[in-house]
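Geometric and topological summary
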2 protein chains.
Amino acid sequence: MSSPIPRRERLRQATLDEIKRTAHAQLAELGAGGLSLRGVARAMGMAPSALYRYVESREVLLTELAADAFGSLADALTDAFDAAPADRHMDRWLAVARAHRRWALDHAIEYALIFGPQVPASSYCEGRVAQELRRSVTVLFRCMSEAIEADLVDASHVDAELTPTMRASLRAWSHDHGMAVIGEAEMAVCLAVWTQLHGFLALEVFGHLPMALNDPEELFDRQMADAFAQAYRQEKAAGPRAPVGG
Amino acid sequence: MSSPIPRRERLRQATLDEIKRTAHAQLAELGAGGLSLRGVARAMGMAPSALYRYVESREVLLTELAADAFGSLADALTDAFDAAPADRHMDRWLAVARAHRRWALDHAIEYALIFGPQVPASSYCEGRVAQELRRSVTVLFRCMSEAIEADLVDASHVDAELTPTMRASLRAWSHDHGMAVIGEAEMAVCLAVWTQLHGFLALEVFGHLPMALNDPEELFDRQMADAFAQAYRQEKAAGPRAPVGG
DNA sequence: GCCAGTCGCGAACACTGTTCTCTCTAAGGT
DNA sequence: ACCTTAGAGAGAACAGTGTTCGCGACTGGC
């Protein structure tokens, strides 16, 4: 009468969800290194060995949590993207970049999990981790790709410097992201902007920025605006100063 | 006749060095998570408990190794800086950036150790870790600060956008690095360039760059050249294309 | 009602970091 | 030369960890 899926499987999914929920909680308060299967089992009132009916190992549980974290980030970015005005590309980019930063600061441990070096690198090439990673990166790139479609970006100076090898790499990459419309030079600009964003956040979240920079928010805004404006000169006058209203 | 330091202390220093050497080897092949004090003791033919005469805990051993890694990086950067021609600032910057990348790729695990999120963040504010970190960052900044002293950099467009808060932060930071000569806008440019460098390397070393970019070297060079040229326009024509000879 | 597949548990193994206690050696002072 | 003492090392032990295996119990489908 109720569900077409058998009860057995429904129960299994329920406890699997509870495992992931509890693991997520432990991750958030103890960090990736502090998450222990025994701890999760203890919090759930289960025997440690019982967890292995649901989870293959601690490592795959961590990559599962990493995939979830990527999904959460991608959602946050998508929300910011959709909420921003579609015609002011610079403002929209800044909104997305700020959403990325806010998510990173609010979920520092998950950020460390997905952008730090612990999760096995192979996961990033396949499976749900790769899929959700692509989804979040795609949001970032859409900021620029839509500006490109509106013919507002001038990447000719970059285009002139591209070697054939780089062209091939960039074309393959844009194909991966289903953005075959974009030229190689524009893809290079996307990469540069992403690089800058990630560099700032990695330094800030991992605590490598000097304490003297007690409030990096404005610096972040400036860098993101400049990075975007480097390729996207038309809106520059309208952009950087007080761009999104925060 | 030989050494003024007592023999006792000399022996102690010797085994302490051996501990750090063995730990470094284990770190390099097993990663930071795989390094175990018991393993080090086993490799040295010692009892695990004996290690505690020399090392307070596994964590402080790791931060010690982190400090060493920062020192090694700083040395590599300094070498590249000194070997480059002092009058071609763009080329020198590219040489230093490439040295940074090479060190990161050749010492991926140590790179993960010092720029990943594992080492307790407090270490970066004091002690030898902070000192060696500053030393490496200072080399990067000298590339631009010397160009600034030669009056080759135009950061007026950045300067116009700086808020008082950002000015204060940047001034405090440049004071930390003993570069009080540099203006705040130039410091902001230094930070942007560092951010870009770190973002690219973190993505590449941690395996987050898509495999489609099978040879990111040229892209790296392009990004570094563009980042530097963003502030340093005079030498741009002479710079990016085939800049250092590799 | 039986049967099989699933679930959960307890015990166990092989590890880990860390502490405590014990012994022995060797340096230093008298 | 002797004795004291600080230090080095060893071994056992405690509290954890991930993971495996075998045993019961339960339960959905025939």
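Where an unreviewed UniProt entry is consulted, chain A appears under the name Transcriptional regulator, with the organism given as Frankia canadensis.

Points about the overall build of chain A
Each helix and strand counted, chain A has ten helices and zero strands in total. Mapped in sequence order, the helices and strands of chain A form the string α-α-α-α-α-α-α-α-α-α. For chain A, the share of sequence-separated contacts (at least 6 apart) that also reach a separation of at least 24 residues comes to 67%.

Section: the domain arrangement of chain A
Residue and element names in this part refer to chain A. Domain boundaries assigned for chain A yield domain 1 (1-55) and domain 2 (65-238). Taking the mean C-alpha position of each, domain 1 and domain 2 sit 33 Å from one another. Domain 1 puts six residues into the contact, and the matching count from domain 2 is five residues.

Some thoughts on the UniProt feature "domain: HTH tetR-type" (unreviewed entry) in chain A
The sites that carry the UniProt feature "domain: HTH tetR-type" (unreviewed entry) are, in the present numbering, residues 13-73 of chain A. For residues 13-73 of chain A, the end-to-end C-alpha separation is 24 Å, with 69% helix and 0% strand making up the annotated structure.

Thoughts on the protein's contact with DNA strand D
Within the structure, DNA strand D sits among 20 residues, and Ser36, Ser49 and Ser57 of chain A together with Ala47 and Ser49 of chain B are positioned closest to it. Looking at the surface near DNA strand D, the elements with two or more residues in it are α1 (7-30), α2 (37-44) and α3 (58-83) of chain A together with α1 (7-30) of chain B. Broken down by element, the residue count for the surface near DNA strand D peaks at three residues, all from α2 of chain A. Here the surface near DNA strand D is composed, by residue class, of seven nonpolar, six polar and seven charged.

As for the UniProt feature "DNA-binding region" (unreviewed entry) in chain A
Mapped onto this numbering, the UniProt entry annotates "DNA-binding region" (unreviewed entry) at residues 36-55 of chain A. Secondary structure across residues 36-55 of chain A divides into 40% helix and 0% strand, with the first and last C-alpha atoms of the span separated by 13 Å.

Details of the environment of leucine 201 of chain B
All names here are of chain B. Positionally, leucine 201 belongs in helix α9 (residues 184-205). Classification of leucine 201 by C-beta neighbours within 10 Å gives buried; the count is 23. Between the C-alpha atom of leucine 201 and that of alanine 23, which follows or precedes it by 178 residues, the distance is 25 Å. Those residues in contact with leucine 201, other than ones at most four positions away along the chain, are His100, Arg101 and Ala104.

Describing the protein's contact with DNA strand C
For DNA strand C, the set of nearby residues contains 20 residues, the closest of which are Ser49 of chain A together with Ser36, Arg38, Ser49 and Ser57 of chain B. Breaking the surface near DNA strand C down by element, the ones donating at least two residues are α1 of chain A together with α1, α2 (37-44) and α3 (58-83) of chain B. Top contributing element to the surface near DNA strand C by residue count: α2 of chain B, with three residues. Residue composition of the surface near DNA strand C, by class: seven nonpolar, six polar and seven charged.

Concerning the interface of chain B and chain A
Every contact between the two is made by 43 residues of chain B and, on the other side, 43 residues of chain A. Only α5 (108-115), α8 (164-176), α9 and α10 (217-231) of chain B provide two or more residues apiece to the side of chain B that touches chain A. Tallying contributions element by element places α9 of chain B first for the side of chain B that touches chain A, with ten residues. Grouping the constituent residues of the side of chain B that touches chain A by class yields 22 nonpolar, 14 polar and seven charged.

Considering the packing of helix α4 (residues 89-106) of chain A against helix α6 (residues 127-149) of chain A
All names here are of chain A. At a minimum axis separation of 10 Å, α4 and α6 run at an interaxial angle of 175 degrees. Taken together, the axes of α4 and α6 lie roughly antiparallel to each other. Counting all contacts with α4, which are made through His89, Arg92, Trp93 and Val96, the residues of α6 involved are Val139, Leu140, Cys143, Glu146 and Ala147. For the contact of α4 with α6, the residue count by class is six nonpolar, one polar and two charged.

Observations regarding the relation of the copies chain B and chain A
Overlaying chain B on chain A yields an RMSD of 0.1 Å, the required transformation being a rotation through 180 degrees with an accompanying axial translation of 0.0 Å. What the rotation and shift describe, once combined, is the action of a two-fold rotation axis. In terms of proximity to the rotation axis, the leading residue of chain B is glycine 199 of chain B, whose C-alpha is 1.6 Å off the axis. When the interface residues of chain B are mapped onto chain A, 98% of them again fall at the interface, so both copies present the same face.

Details of helix α5 (residues 108-115) of chain A
All names here are of chain A. The buried count for α5 comes to six of eight residues, which makes it a mostly enclosed element. Of the positions making up α5, those classed as buried are Glu110, Tyr111, Ala112, Leu113, Ile114 and Phe115. Of the surrounding elements, those touching the buried residues of α5 are α3, α4 and α9 (184-205).

Here's the deal with the confidence of the model for chain A
All names here are of chain A. In this model, chain A carries an average pLDDT of 87, and 91% of its residues clear a pLDDT of 70 or more. When pLDDT is averaged over each helix and strand of chain A, the minimum, 81, is found for helix α7 (residues 156-159) and the maximum, 98, for α2. Predicted confidence for residues 234-246 stays below pLDDT 50, and this span has 21 contacts to residues more than four positions away or in other chains.

Digging into helix α8 (residues 164-176) of chain A
Taking 1.5 Å as the rise per residue, α8 of chain A with 13 residues should run 18 Å; its terminal C-alpha atoms sit 18 Å apart, in good agreement. Of all the positions in α8 of chain A, only Met166, Ser169, Leu170, Trp173 and Ser174 of chain A are classed as buried. Summarising the axial view, the buried residues of α8 of chain A lie within an arc of 130 degrees, below the 170-degree limit, and thus occupy one face. Those residues of α8 of chain A that are exposed and aimed more than 90 degrees away from the buried face are Pro164 and His175 of chain A. In this structure, the buried residues of α8 of chain A make contact with α9 of chain A together with α10 of chain B. Glycine 178 of chain A sits one or two residues past α8 of chain A and shows a positive phi near 65 degrees.

Rules used in this analysis
Residues numbered from 1 in each chain as written. Chains lettered and ligands numbered in written order. Predicted model: local features only at pLDDT ≥ 70, side-chain atom pairs only at ≥ 80, totals over all residues. Helix = DSSP H or I, 4+ residues; strand = E, 2+ residues; numbered from the N terminus. Contact = placed C-beta atoms within 7 Å. Domains from an automatic or database assignment. UniProt positions renumbered as here; feature names shortened; annotations may be inferred. Near = placed C-beta within 6 Å. Nonpolar A, V, L, I, M, F, W, Y, C, P; charged D, E, K, R; others polar. Buried ≥ 20, exposed ≤ 12 C-beta atoms within 10 Å, placed from the backbone. Axes fitted to C-alpha atoms, helices over the stretch in contact; angles between N-to-C directions. Parallel < 35°, antiparallel > 145°, perpendicular 65-115°, else oblique. Least-squares fit on C-alpha atoms with pLDDT ≥ 70 in both. pLDDT = per-residue confidence, 0-100. Expected span 1.5 Å × (residues − 1). Arc of directions from axis to C-beta.

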